[in-house]
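# Summary of structural features
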Amino acid sequence: MKAIITLLLVLMMSVASNGAVSWDMNEYVRKEVYDVQMQGINANMERILQKLDVLEVKVGDLTNAVSVMSERIDRNFETLSARIDGLDARMGDLRNDIYLGLVILGILVGVPSVQKWYERLKASRPSVTIEDVKRLIEENNAELLKSLRS
């Protein structure tokens, strides 16, 4: 009986020890290996976070630089716009001066033509003088006397 109980105990111990250990080493990782891998993962995570912090600072600096450039561009645009408005006003004055000069030149060129036209119009239309009126009155009186005598 002692042999059977001993045999049963030996068989039970071997079954219990085989159930606790896996023969496939890919399924289970020892604690030391796990700790080393986690330290590596944490170190990589820290490096990534540091790089992200550096990138965040650089993006902030870039944003500030862009905002400063945008303000400079706005100021330059306002200055340029004011200068263009002043130039437009000066060009408008110059354009009016050119138009005025052209009108005066046109008048100077046109006056002799108008004067010649007026003289032709005056020459084509007979003008009546006092002597012509006196002569017409005398002729008319002479005709009236003739018609009265007849």
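The rules behind each value
- For every chain, the first residue of its written sequence is number 1, and the numbers climb from 1 along that sequence.
- The model is predicted, so local features are restricted to residues of pLDDT at least 70 and side-chain atom pairs to those at 80 or more, both for listing and for counting; the totals for chains, interfaces and linings are taken over all residues.
- In computing side-chain values, all of the structure's heavy atoms are included and hydrogens and water are not.
- A run of H or I in DSSP becomes a helix once it reaches four residues, and a run of E becomes a strand once it reaches two; helices and strands are each numbered from the N terminus.
- Each residue is placed in one exposure class: buried if its accessible area under a 1.4 Å probe, protein chains only, is under 20% of its type's maximum, exposed if it is over 50%, and partly exposed if it falls in between.
- All accessible areas in this document rest on Shrake-Rupley with a 1.4 Å probe, and a residue is counted as covered only by the protein chains that are shown.
- Expected span of a helix: the number of residues minus one, times 1.5 Å.
- We define the bend at each residue as the angle formed by axes fitted to the 7 residues ending at it and the 7 residues starting at it.
- Like-charged residues within 9 Å of one another, or nonpolar side chains (Val, Leu, Ile, Met, Phe, Trp, Tyr) within 5 Å, are grouped into patches, provided each residue has over 30% relative accessible area and no salt bridge.
- One speaks of a salt bridge when a side-chain nitrogen belonging to Lys or Arg is within 4 Å of a carboxyl oxygen belonging to Asp or Glu.
- Here pLDDT means the predictor's own confidence in every residue, given as a number from 0 to 100.

Further remarks concern the overall build of the protein chain. Along its length, the protein chain carries three helices and zero strands. Considering the protein chain as a whole, with its 150 residues, one finds that 1% of them fall into the buried category. In the form shown here, the protein chain has an accessible surface area of approximately 14500 Å², with 65% of it arising from carbon and sulfur atoms.

Another point: helix α2 (residues 31-124). Between its terminal C-alpha atoms α2 stretches 131 Å, which fits the 140 Å expected from 94 residues at 1.5 Å a residue. The largest bend in α2 amounts to roughly 35 degrees and is located at G110, with the proline P112 lying one to four residues further along.

Looking now at a nonpolar patch on the surface. A grouping of L87, M91, L94, I98, Y99, L102, L105 and V109 is seen on the molecular surface, where their side chains present a nonpolar patch of about 790 Å² in accessible area. Residue placement: L105 occurs in helix α2.

Moving on, we come to the pattern of salt bridges. Applying the stated criterion to the full structure yields three salt bridges. Among the ionic pairs, K31 bridges to D35, the shortest N-O distance being 3.5 Å. Residue K31 and its partner D35 are both found in helix α2; the two are separated by four residues, about one turn of the helix. According to the relative accessible area criterion, K31 is exposed, its value standing at 58%.

Before going further, it helps to examine the confidence of the model for the protein chain. Mean pLDDT over the protein chain works out to 84, with 87% of the residues at or above the 70 mark. Averaged pLDDT values for the elements of the protein chain fall to 65 in helix α1 (residues 2-20) and rise to 89 in α2.

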